[in-house]
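Geometric and topological summary
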Amino acid sequence: MSGTMAEQPRTAVSNPPVRALAANFGPQDLLRRSATSSLPAPQRQLTAVAKLIDVSKCIGCKACQSACVEWNDTNPAIGVNTGVYENPHDLTEDMFTLMRFSEWVNPETNNLEWLIRKDGCMHCADPGCLKACPAPGAIVQYTNGIVDFIHDNCIGCGYCVKGCPFNIPRISRADHRAYKCTLCSDRVAVGQGPACAKACPTQAIVFGTKEDMTRHAQERITDLKSRGFANAGLYDPPGVGGTHVMYVLHHADQPGIYSGLPENPRISPLVETWKGMTKYVGLAVMGFAAVGSLMHGIFGRANRVSREDEENAEKLVEGRPVPPPDSEERPG
Amino acid sequence: MTNSWTDIRNTDLVVVMGGNAAEAHPCGFKWVTEAKAHRGAKLIVVDPRFTRTASVADYYAPIRQGSDIAFLLGVINYCIQNDRVQWEYTKAFTNASFIVKEGFSYSDGLFSGYDEEKRDYDRTSWDYEMGEDGFARVDETLQHPRCVWNLLKQHVSVFTPEMVQRICGTPQDKFLHVAQMISECSTPTKTMTSMYALGWTQHSHGSQNIRAMAMLQLILGNIGVRGGGMNALRGHSNIQGLTDMGLMSHLLTGYLNMPTEAETDYATYMKSRQFKPLRPGQTSYWQNYPKFMVSFQKAMWGEAATAENDWCYDYLSKLDVPSYDILRMFELMNQGRVNGYICQGFNPLMAFPDRGKSTSALSKLKFLVTMDPLETETSRFWENHGEYNDVNPASIRTEVIQLPTSCFAEDEGSLTNSGRWLQWFWPAATPPGEARNDVWIMSQIFLRMRELYRKEGGAFPDPIFNLSWQYEDPNQPTPEELAKEINGRALVDLTDPADPSKVLVQAGKQVVNFSQLRDDGSTMSGCWIYSGCFNEAGNNMARRGTEDPDGVGVYPNWTFAWPLNRRTLYNRASADLQGKPWDPSRKLLEWNGTQWTGYDVPDIAPTARPDQVMPFIMNQEGSSRLFTRGMMRDGPFPAHMEPFESPVPNVLNPRMRGNPVARIFESDVARFGNSEEFPFAATSYRLTEHFHYWTKHNRVNAALQPEFFVEISHELAAMRGITGGGWVRVWSKRGSVKAKAVVTRRIQPLHCDGGRVVHVVGIPIHWGFTGAARKGFNANTLSPFVGDANIETPGFKAFLVNIEPTTPPGVVS
Amino acid sequence: MNQNRMSQNTIPDGSAQPSDAVHSGPPVTVNRYGPLQRLNHWITATSLILLALSGLALFTPALFFLTGLFGGGQNTRLLHPWIGVVLFVSFFIFFFQLWRANLPERTDVVWVKRIGDVVAGHEERLPELGKYNAGQKFIFWGMTGLILVLIASGILIWDQYFGEATPIDVRRVAVLVHSIAAVLIICIFILHVYAAFWTRGTLSAMTRGTVTGGWAWRHHRKWLRQLVGRRRIDPAK
C-alpha cells in the first residue's frame, strides 16, 4: 500500500494519524533470522527501541493484559481462582503478557511490599528463542531490537520455549504455532507504541528509543532512591546482551523476589551446547562414521565367505571331520 | 470532588482512606502518579487491606473497617496538640470562633437531645448563640469555652494514639507516622488531598466519616487550594450526574429539596429556605433559591406554572417520610405494599444488601420492568439457578418485562465525572436488535400514560397533562434538546433591572448561566447548577480544548464544569485576607485591588473584598463548618460509632449499638448478628478487573478475574484450616455463600481494645449467575439492611461473618 | 579330536534360538530369522530412518529441506514423535526376543581386543563366536539404551501432550540429551548398516531369513556347531 513512512515513535500515547501509512520497517531490516546461515546484512540500522516497565508505578490493574488481548484479538480461557490474583495462571498462546503478584516482607523495614511485575517477552539482544529455532524464518530479529515470530514459518516444535532464558513463548494446541509478545511490531511500524503502553493508566509502561527509556529509567531510579529504595535500579540483563523490554525495580539487587525474575539470565548453556557444539560435533561424528565406512568399503577388502567355509559347513552338517572347536586361541 | 482530577497533580500528599483509588480509578490515579513523579508527592494508604493502591504507596497503615472517625479525630487531636494548624485559615474561613449556645453537650458517645425511643435527636441545642443583631456570636480570640474551637478540642481530646490503637487496631507507631506526615500539610505551602469513596460512604455513619476528614482538611487549610480538597471518587461515570439531577426521592434537580407533607404551600416551603446570612456581609448564595426553584417549575410545567398558582407547587409530590430510598422501597416491597417497579440501569438483586430480602421483595411485586443492556440477575430473580439462585419459579407471581436498552457506547449525551465535569460524548456503535435508548422508552411510557389519563381519567392528572413536553419529535427528545432545557432560557425578553430598555437576553434564547435566572417566571432551567452547559455559545460540554495556562491543571476549555465552569470549589480560600495566595507557587486566585483574578472562575462575587466576604458562599455563615449545627442527624461533630455488626463494643459507650439515630426497620431487627455467632469482621469491595456486575458479561474481564473469592489472613486460615485456592463457606445472619479462598499477608489481624484480635474477611462483589465469568455467589447475600443515618447509603463495608472450609458448589457453571 | 564322539553334554552354547535351524545342502542353509522377526526388524529400521531424517531436519538448518519428505515443517514436527512411539514399541518387541542371545560373554572380550583383525577381516584369528559377535552386541545394547533415552527425553519435549508436565529446566536438559542420543544412534545405525554390507552374505539373514552354512561357519561357528549338535538336521529343502 502506498503512503508516507511514519516517524520513529517517541511515546506510546500519541494518537494515530488518520491517513494510511506504510510500515516503516520490515524484512529488509533483519539482524537475525532463525535457522538461516546466510542472511544478507541489513542495509540500514534502525534506532533501537525499548519498552520500559516501571514496576514501582504499576498498580496491577491488568489494563495491559486486556489491551494485549484486544489488539492481538486472542481469546484467553476463563479459568478458575486458585487462590491468587494472577489470571490466567501462566502465559499462554492467548495471553502474551501476565501480571505476576508476589507478597514480600522487606527484612529491612519489616513492611509488606506487594510486588507486581508484568511478565512477557524481554526482546533480548541475543534471543535464545531464535537461536534454538530450527525453522528458517520462523523467528526474526529486527535491527531495532524487536524479536518477532513469523507464524507462517513456525512448525510448532517448542524449541523456542527451551531456548528462552525467561520461559516465555507458548505453543498453541490449536494451530501448533508459537506465540509471544510481539512488542506490537505492527503498531511500531506505523509510528505507534505498543498497545499495553497505550492502555497503561499510570504510564508505568512507556515506550520510545532505548536511549530515551534508559534515561527516563534513571530519573525514576533517582526518585525511588529518594523514597528510601537504596537498591533501585534498571533491569537490562547483560547476559542476553541487554533487552528491549526493561524493568525499573525497587530492589534491583534481588530480581528473584519479583515472581522469579532471573537474576542473571543468559541463554542456558544446555541450549548453547545443543545449538552449538552438539550440531558441529554431531555432524562431524556422523559424517566421520559415514565417510569412514565408505573408505573402509572402498579401500578395504570385503569380508567374503570362502569356498572352504561352505565345505566345512557341509562337513559339519554331515558329521564328517572338521577342524575342532577352539578353546580361546586358534593357531594362526 | 471539590477540586478536579487534573488538580491532584499539584499536591504534596495524597491520603487514600475510605477508598481504593488505584484499583477503582486506575485512569484518574495517574494524577497521583504525576504528583509523585513530578512534585515528589507522597502517598499514604489507610485501609483494612493492603490494596493495589497501597502497593505503590509510601506508607500503609491498617485500620479496622468502621473506625475511621476515631482515626481522623485522632489526627485532628494530634494536629491541635502539636500546633499543626493553619491558624489564619482556620480563624477566618471556618466557624471555629462561633459560639455555641448553652445546653449543647456530648458525653458517653451521645450528644444532647437524644431520644432513645424515637432513635432521633432533638437538634435545637446544636446551634449558635445568636446576638440581638440576628447574627451568630463569635469570639475571634477563641477563648470562649463554648466557641466551636474549644468544643472541638475537647471533643477530640479522648482520641490519643493509644485510644486510636484500641479502637482501630492501628499500631500506635503507624498511626503516629501517618499523623505526622499529614500534620506537615498545615503550612500554607504544603497541601494534602483526600481521595475517598465507598470505604467511607457505605457505613451507617458514612457521612460523618467524610465530615471528619473535611474538618481535618479545613484546619490544615487545604480546602479551596491547588492540590487540596475533599475529593470523592464517584463510582460510576455518571453517578455524579445522578445526584446532580436529583434522582433521589428527597431531591429536585440541583440539590433543591422535594417538599414534605408539612409544607402544604409554597410560602411555608420557602419560609425555612430564606438562608439569611448568619454573619454580616456574607453572601449566603442559597438566598437565590427561589430563582432556581421557580425556573425549575417553569421547566417542568411551562406556561401552566404561574405566580398565581405558586408555580404549580401543588404538582410536586410531598414526602411523608424523610425519603423513599432504596432500603425503604425494598422494605415496603417486602411488606407487599408496592405493586410495580421500573428498574432502570440497576441490578438491585446483586447490588442491594440482604439479598434474601431483595428476592422476597421482588417476588411480591405484581410487575417488574427492567431497562438494561445486560441480562441482569434482577431480571431473572425468579429463575432457578441451583445453589446460585435457589428459588421456586412456580411460587413467584411477578410479571417481569425486560426492555433492552442501548448501552453508553451507543448513546449520545453528557456524563458528569467526579470532578463535576459535564463531558459530552457520541455513540460509537448502534444498539443491537430491539434495544432502544432510555429516553425513547421513558417518552413512550409518558406519552401512553398521558393518553390513558385522557381516555380513562384518574386521580389528579393535572401534573401529567401539563408536563412541559416541547420537543420536535415528542417520541424521541434529542440529547441536545434536553441539554438546552437543562441549561435554561429566557421565556420573555430579560431586561436590565437598572435600565429596562436594555435587553440582556432575548425571549427564547439560552441564558448564559444561572446568574441570569429569575424568580418571577421569566426564566426556566431544568437544573440550575448545570446552567451554562449549553448556552448561546454552543454545547460547552463538547469542548475539547487542552490549553492549560501555566500548567496549573485547570484546563478551562475542556468540557464544562459545574458550577459556571469553576474547576476548584471555594477557590477564594486559596488566598489570605489580603487576597494574596497562601502559596505563591501555587496561585489559583489573587485580589488585584478591585477584583479577583487568576486561573479559575472565582467562587465568590468577583468584586467581593477579601477581608469582608468569606469563601464558603453557599453557607449562611460564609465560613465553613467545623460544627454543623443541626444539619446532620447524628451530630454536629463526628462521634465514634461502631458498625451495627461489630466485633468489639463501642469503647466510649458499650451499650450503644451502631449509629444511635440510623433507621432500622422492625423486620430487620432480628436479622442482625452478634460477634459470638459471627466472630469475623467482613468488608465488601471492588476489584480493578471488574465494574460491579456488568463486566462479568465481558469475556476479557471474566478471563482476568474469573471467579468469586474471599481474602483472609494466614492467621485466620490456620485457625480455620483453610488453604489458598480451596473452597470456603462464609455466612452471616442473613445468608450463606461459597467462595474460593485467597490467603494473603495483605490482611493482618488487628489487635484492638481489651486484647481482642479482629480478623478481617474481605469479600469482593462482582459475581452472580448471569454472564461470561464463573457463576458465583454474591457478597450482598451477607450484608446488612441498614444505611447511613443521613442519606441511607447501605452499610456494605462493615458487618460480621463466620467462615469454614467446605466442598465446591454442586452446580456446574 | 573325534567329532563323532561329541555328546549332547558338549554341545556348545552358541546362543541359538528356538527357531534357528540348519538344513543340509548342498548348499547348507541356516535359518537365522523367522518372517515375523524380519517384519519387526524392518518396521524398526524404517521408523529409525524416518526419525533420523525428520530429526536431522530439525537438528540443523542446512538439513531443514528434509521436512519436504514429510509434507512440511508442521507435519515433520507432528509425525516425528509418533514414529518414535512406533520405533519404541517395535524395537522392544524385538528386544524381548533377542536380549538373551546378546548377553556379554568372555569371547566378546577377546573379540574386542582383536578389533584390528575384525576390521581387516582376519576372522581366523578370532575365537569361535555364537549367534552374535561383540560388535553386534554393541549395536544391540547401544540401540536399546539410546532408544530408551530417546523415548524418555522425547516425551519430555513432546509439547503437544507433555508441554507443561515438567519444569522448563528439565526440558532444556531433555532436548540436549535427545539430540546427543540421536547423533549417537545415527552413528550406530551407520555402523550397523555398513557392517551388514561389508560382511557379504549377511543381508539375506534379514531378507530371506537364511544364511549359508559357510557364512555361519566363517562368522558364527559356535552357533553353527550348536545347531548341528542339537540334531536339528532336516533334509535339504
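Being a predicted model, the structure only gives us computed values, none of them experimental.

For chain C, the count of helices and strands is ten helices and four strands. Secondary structure of chain C in N-to-C order comes out as β-β-α-α-α-α-α-α-α-α-β-α-α-β. The principal-axis extent of the C-alpha atoms belonging to chain C is close to 70 × 35 × 30 Å. Here the contacts in chain C between residues at least 6 apart in sequence split such that 73% fall between residues at least 24 apart. Taken as a whole, chain C presents about 11,200 Å² of accessible surface, with 69% of it coming from carbon and sulfur. Looking at charge distribution, chain C has the averaged site of its 23 positive side-chain charges lying 7 Å from that of its 12 negative ones.

Let us look at the sheet that holds strand 9 (residues 230-232) of chain B. All names here are of chain B. Spatially, five strands are ordered 3-2-1-8-9 in an open sheet, and the strand pairing comes out parallel. The sheet terminates laterally at strand 3 (59-62) and strand 9, the two strands that pair on one side only. The sheet shows a mean angle of 20° between the axes of neighbouring strands, direction not considered. As judged from the four bridges shared by strand 1 (residues 13-17) and strand 8 (residues 192-196), these two strands associate in the parallel manner.

So, on to the interface of chain A and chain B. At the junction of the two partners, chain A supplies 38 residues and chain B supplies 43 residues. Considering only the side of chain A, the residues that lose the most area to chain B are Ile78(A), Tyr85(A) and Arg227(A), jointly responsible for 23% of the buried surface there. There are three salt bridges connecting chain A and chain B. When the shortest N-O distance is used, the salt bridge between Arg746(B) and Glu103(A) registers 3.1 Å. There are 18 residue pairs in polar contact (both at pLDDT 80 or more) connecting chain A and chain B. When residues of the side of chain A that touches chain B are traced back to their parent elements, those giving at least two are helix 1 (63-72), strand 3 (98-105), strand 4 (112-119) and helix 6 (210-226) of chain A. The class makeup of the residues in the side of chain A that touches chain B is 18 nonpolar, twelve polar and eight charged.

This part takes up the domain arrangement of chain B. Entries for chain B in the domain assignment read domain 1 (6-235), domain 2 (326-412 + 433-453) and domain 3 (666-805). The C-alpha centroid of domain 2 of chain B is placed 39 Å from the C-alpha centroid of domain 1 of chain B.

Attention shifts here to the pattern of salt bridges. Counted under the stated rule, the structure contains 64 salt bridges over all chains. A salt bridge links Arg320(A) to Glu318(A), with the shortest nitrogen-to-oxygen separation between them at 2.4 Å. Residue classification places Arg320(A) among the partly exposed residues on the basis of a relative accessible area of 36%. Overall, the relative accessible area of 46% leaves Glu318(A) in the partly exposed class. Glu375(B) is paired through a salt bridge with Arg380(B); the nearest N and O atoms lie 3.5 Å apart. Classification of Glu375(B) by relative accessible area gives partly exposed; the value is 36%.

A few words on the environment of Trp382(B). Residue and element names in this part refer to chain B. Relative to the helices and strands, Trp382 resides in the loop between strand 11 (367-372) and strand 12 (399-404). When the C-alpha positions of Trp382 and Arg397 are compared, they lie 9.0 Å apart, and in sequence the two are 15 residues distant. Not counting the four nearest positions on each side in its chain, Trp382 is found in contact with Val391, Pro393, Ile396 and Val400.

Here we take up the interface of chain C and chain A. The interface of chain C with chain A comprises 61 residues on the first partner and 59 residues on the second. Buried area between chain C and chain A, summed over both chains or domains, comes out near 5,600 Å², and the portion from carbon and sulfur atoms is 61%. For the pair chain C and chain A, the interface holds one salt bridge. Of the charged contacts in the structure, one is a salt bridge between Lys162(A) and Asp159(C), with a shortest N-O distance of 3.2 Å.

Considering the arrangement of structural elements, one finds Asn231(B) in strand 9. Looking at Asn231(B), its side chain comes within polar contact range of the side chain of Thr193(B), at 2.7 Å.

The next thing to look at is the packing of helix 6 (residues 161-168) of chain B against helix 7 (residues 172-183) of chain B. All names here are of chain B. The interhelical angle for the contact between helix 6 and helix 7, taken along N-to-C directions, is 115°, at an axis separation of 9 Å. Here helix 6 and helix 7 pass one another in a crossing that is right-handed. Contacts from Pro161, Glu162, Val164 and Gln165 in helix 6 reach Gln172, Phe175 and Leu176 in helix 7. The residue inventory of the contact of helix 6 with helix 7, partitioned by class, reads four nonpolar, two polar and one charged.

In this section: the environment of Ala20(A). Residues and elements named next belong to chain A. In this structure, Ala20 sits in the segment before strand 1 (30-33). Here Ala20 falls in the partly exposed class, since its relative accessible area comes to 44%. Between the C-alpha atoms of Ala20 and Val190, which are 170 residues apart in sequence, the distance is 9.0 Å.

Conventions adopted
Residues numbered from 1 in each chain as written. Chains lettered and ligands numbered in written order. Predicted model: local features only at pLDDT ≥ 70, side-chain atom pairs only at ≥ 80, totals over all residues. Heavy atoms only, no water. Helix = DSSP H or I, 4+ residues; strand = E, 2+ residues; numbered from the N terminus. Contact = heavy atoms within 4.5 Å. Areas by Shrake-Rupley, 256 points an atom, 1.4 Å probe, with all protein chains shown as cover. Lys, Arg positive; Asp, Glu negative; His and termini not counted. Charge placed at Lys NZ, Arg CZ, Asp CG, Glu CD. Pairing = 2+ DSSP bridges. Axes fitted to C-alpha atoms, helices over the stretch in contact; angles between N-to-C directions. Buried area = accessible area lost by both parts, 1.4 Å probe. Salt bridge = Lys/Arg side-chain N within 4 Å of Asp/Glu carboxyl O. Polar contact = N/O pair within 3.5 Å; in protein donor to acceptor, adjacent residues only side chain to side chain. Nonpolar A, V, L, I, M, F, W, Y, C, P; charged D, E, K, R; others polar. Domains from an automatic or database assignment. Buried < 20%, exposed > 50% of the residue type's maximum accessible area, 1.4 Å probe, protein only. Left-handed = near helix turned anticlockwise from the far one by under 90°.

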